Amino acid sequence: MKKFEPIVLTRKNLLTFIIPALIGAFLFLCPISTEEQSGIVMGILLTKIGDALLFCTPYLATALMVFTAVVTVLCTVFKPAWLDKHPLLKRTFLPGRLETVLRLVGAVLAVMVLFQIGTEIITSGDTGGTMLDLCANIMVWFIVASFFVPFLLDFGLMEFCGTLCRGVARPLLHIPGRSMIDVITSFVGDQNLGVMVTNDQYVHGYYTGREAAIIATCFSATGIAYWYIISTILAVEDYFIPIVAMMFITGFLSTVIMCRIWPLASIENTYYKGQQENQENDKPEEMGTFQFAVQLAVQKAQAFQGQGLRSLVNRSVDFASGVVFSVLPVVMVIGTVGLVVATYTPVFDWLSIPFRYYLELLQVPEAAAAAPATVAGFADMLIPALISGEIASVQTRVIICVLSLIQIIYMSEVGPIMLMSQIPVKFWHLVVIFIEKTIIALPILKVLAILFQIPA
């Protein structure tokens, strides 16, 4: 622990924390409802901007992926000397071989979909079309959101909430208290943004690799607006409040277990690039927890403001560039492949055979019909709901609804973002974590469905 040096709190330095923190909390953490939609302020703002630019964003996203692929190939082949003077550009345009190939394939797929070239298996709205639209939205979301993220991360809000939550988060979930901001960002906002916030905090030395992996894979749930959408697809919106309660209870209990078992427990508990210093300060015995939280928040806000406007701009550009150049092509490739497999092959039917017997053991009604939904969520969050509409049992549909929302790792969206982040998770980690979460969550959901009196 670092030795803590308190400062004298004044109205002026308190406001350096309070005003930006309130702005960040309002934008990223406050759910509101309009006539058209519900969600956080930033989410609604991004949706409206995305809708207004819909006529051009698929073209811009495709152009961006083509540009990224071309520049990456040129930099990889010629390795220009000027890249060494610009660490951000070097990190962006000199990736490994695999990422270079994925960028090329992603650009080709985007062009095929945009101009409807080639087989319908790729260009269909159910596969590549879905992914190009998603990439266009991600591009807009992260470019716009990046200029507001510092209000959430760099003006003391993380330190304030983290200190208050440390006593619960650390012993039960093996994560820092400050991660509760990540959790709230994901649960009431957007899971992609939640993962990128987690990655940002890991790179800047606030989480260890294991902590970042636990937060990203166990807490990056979709926003509350998606919860209601899935419930309406499965026609169980009348049970929305029990569904929300089941999500929180199951997500919490499953994480308490998963953070203590392989593979999450085996990920190295070290800081990014060998940093060894624990970023959480030790609270002085004579100081109360709330007073200590305010002290940390004010000191963080003052330190960041002291770096000036240029630091704010650099912070925003750094946050956005990792997504728009690195993540978009990978999301396009992995998401399209996953949707093709789910839409045109019986692979998920085959993979779900063991879960059919597991559901029968748990006495889940219509186990055979529900089994494919237990594994289809690995490809895309919507697929379990879309393939389960014919199930008659309300209880089974509720279980599928909650399970699809807490499985978290969707390869059409957040999975590739995890893989392309600095968080130390590999593809096989995501596969195992997905299976573990499903195995652990199903009996909990069955018990909760009975307790909440969801009719069979």
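Details of the structure are given in the entry above.
Everything numeric in this text was worked out from a predicted model, so none of it was measured. Here the residue index of a chain counts from 1 through its sequence in written order. Local features in this predicted model are restricted to residues of pLDDT 70 or higher, and side-chain atom pairs are both shown and tallied only at a pLDDT of 80 or more, whereas totals for entire chains, interfaces and linings draw on every residue. Side-chain calculation: all heavy atoms of the structure are included, whereas hydrogens and water are not.

Asker: Explain the overall build of the protein residue by residue, including any values.
Answerer: A tally of regular secondary structure across the protein gives 23 helices and two strands. For the C-alpha atoms alone, the extent of the protein along its principal axes is close to 65 × 60 × 45 Å. To sort residues, take the accessible area from a 1.4 Å probe on protein chains only and compare it with the maximum for the residue type: under 20% means buried, over 50% means exposed, and anything in between is partly exposed. Burial statistics for the protein: of 456 residues in total, 57% are counted as buried. Contact between two residues is taken to exist if any of their heavy atoms lie within 4.5 Å; hydrogens are not considered. If you take every contact in the protein between residues at least 6 apart in sequence, the share linking residues at least 24 apart comes to 77%. Distance between charge centres in the protein, computed from 26 positive and 31 negative side chains, equals 11 Å. We count a stretch as a helix when DSSP gives it H or I for four or more residues in a row; a strand needs E for two or more, and each element gets its number in order from the N terminus. Just so you know, the count uses Lys and Arg for positive and Asp and Glu for negative, and it drops His and the chain ends. Charged groups are reduced to one reference atom each: NZ for lysine, CZ for arginine, CG for aspartic acid, CD for glutamic acid.

Asker: Pulling in residues and values, what's your account of the packing of helix 14 (residues 240-258) against helix 21 (residues 394-406)?
Answerer: A fitted line through C-alpha atoms serves as each axis, taken over the contacting stretch for helices, and the angle formed by two N-to-C directions is quoted from 0 to 180°. Here helix 14 crosses helix 21 at 50 degrees, and the two axes come no closer than 10 Å. Comparing the axis directions of helix 14 and helix 21 gives the class oblique. Classified by chirality, the crossing of helix 21 by helix 14 is right-handed. Between helix 14 and helix 21, the residues in contact are Ile243, Met246, Met247 and Thr250 and Val398, Cys401, Val402, Leu405 and Ile406, respectively. Under the convention adopted here, Pro, Cys and the residues Ala, Val, Leu, Ile, Met, Phe, Trp and Tyr are nonpolar, Asp, Glu, Lys and Arg are charged, and Gly plus all remaining residues are polar. Classifying every residue of the contact of helix 14 with helix 21 gives eight nonpolar, one polar and no charged. Here is the rule for angles: anything less than 35 degrees is roughly parallel, anything more than 145 is roughly antiparallel, 65 through 115 is roughly perpendicular, and the remaining ranges are oblique. In this scheme the crossing of two helices becomes right-handed for a clockwise turn of the near helix relative to the far one and left-handed for an anticlockwise turn of less than a right angle.

Asker: Mind laying out unusual backbone geometry, listing which residues take part and the relevant values?
Answerer: Trp262 connects to Pro263 through a cis peptide bond whose omega is 5 degrees. Residue Glu366 is not a glycine yet carries a positive backbone phi of 55 degrees. A relative accessible area of 33% places Glu366 in the partly exposed class. Positive phi outside glycine occurs at Ile408, with the angle close to 70 degrees. Relative to the helices and strands, Ile408 resides in the loop between helix 21 and helix 22 (414-420).

Asker: Describe the pattern of salt bridges, naming the residues involved and giving the relevant values.
Answerer: When a carboxyl oxygen of Asp or Glu is within 4 Å of a side-chain nitrogen of Lys or Arg, the pair counts as a salt bridge. If you walk through the whole model with that rule in mind, you get four salt bridges. For Lys90, the salt bridge identified is with Asp84, shortest N-O distance 3.0 Å. Since its relative accessible area comes to 54%, Asp84 is described here as exposed. A salt bridge links Arg356 to Glu360; the shortest N-O distance between them is 3.5 Å. Of this pair, Arg356 and Glu360 both sit in helix 18 (residues 353-361), four residues apart, which is roughly one turn of that helix.

Asker: Run through the packing of aromatic side chains, naming residues and quoting values.
Answerer: Here the aromatic set is Phe, Tyr and Trp, taking the six-membered ring for Trp, and pairing holds for ring centres within 6.5 Å; pairs whose planes are under 30 degrees apart are stacked, those over 60 apart are edge-to-face, and all others are tilted. Per the counting criterion, the structure on display carries eleven aromatic pairs. Both rings, one in Trp262 and one in Trp428, keep their centres 5.6 Å apart while their planes meet at 25 degrees; by these two values the pair is stacked. Of the two residues, Trp262 sits in the loop between helix 14 and helix 15 (289-305) while Trp428 sits in helix 23 (residues 427-451), which places them 166 residues apart along the sequence. Both rings, one in Phe355 and one in Tyr358, keep their centres 6.5 Å apart while their planes meet at 65 degrees; by these two values the pair is edge-to-face. Within this pair, Phe355 and its partner Tyr358 are both found in helix 18, separated by three residues, close to a single helical turn. Under the relative-accessibility criterion, Phe355 is labelled buried at 10%. Among the aromatic residues, ring-to-ring pairing joins Phe17, Phe160 and Phe290 into one connected group.

Asker: Explain the side chain of Thr62 to me, and be specific about the residues and the numbers.
Answerer: Checked against the element boundaries, Thr62 lands in helix 3 (residues 57-78). For Thr62, a relative accessible area of 3% puts it in the buried group.

Asker: Quick one: what's the story with the packing of helix 7 (residues 128-145) against helix 11 (residues 191-203), residue by residue and with numbers?
Answerer: Two numbers describe how helix 7 lies on helix 11: the axes approach to 11 Å, and their chain directions differ by 50 degrees. Considering the angle they form, helix 7 stands oblique to helix 11. Here helix 7 and helix 11 pass one another in a crossing that is right-handed. Across the interface between the two elements, Ile138, Trp141, Phe142 and Ala145 from helix 7 touch Asn192, Leu193 and Met196 from helix 11. Of the residues contributing to the contact of helix 7 with helix 11, the split by class is six nonpolar, one polar and no charged.

Asker: Could you give me a rundown of a nonpolar patch on the surface, with the residues and numbers involved?
Answerer: Surface patches are defined over residues having more than 30% relative accessible area and no salt bridge, joining like charges when they lie within 9 Å and nonpolar side chains (Val, Leu, Ile, Met, Phe, Trp, Tyr) when within 5 Å. All accessible areas in this document rest on Shrake-Rupley with a 1.4 Å probe, and a residue is counted as covered only by the protein chains that are shown. A cluster of nonpolar side chains, namely Val168, Leu172, Ile249, Phe252, Leu253, Val447, Leu451 and Phe452, defines an oily patch on the protein surface of about 670 Å² accessible area. Elements with a minimum of two residues in the nonpolar patch: helix 9 (157-173), helix 14 and helix 23. Top contributing element to the nonpolar patch by residue count: helix 14, with three residues. Looking at the element boundaries, Phe252 is found in helix 14.

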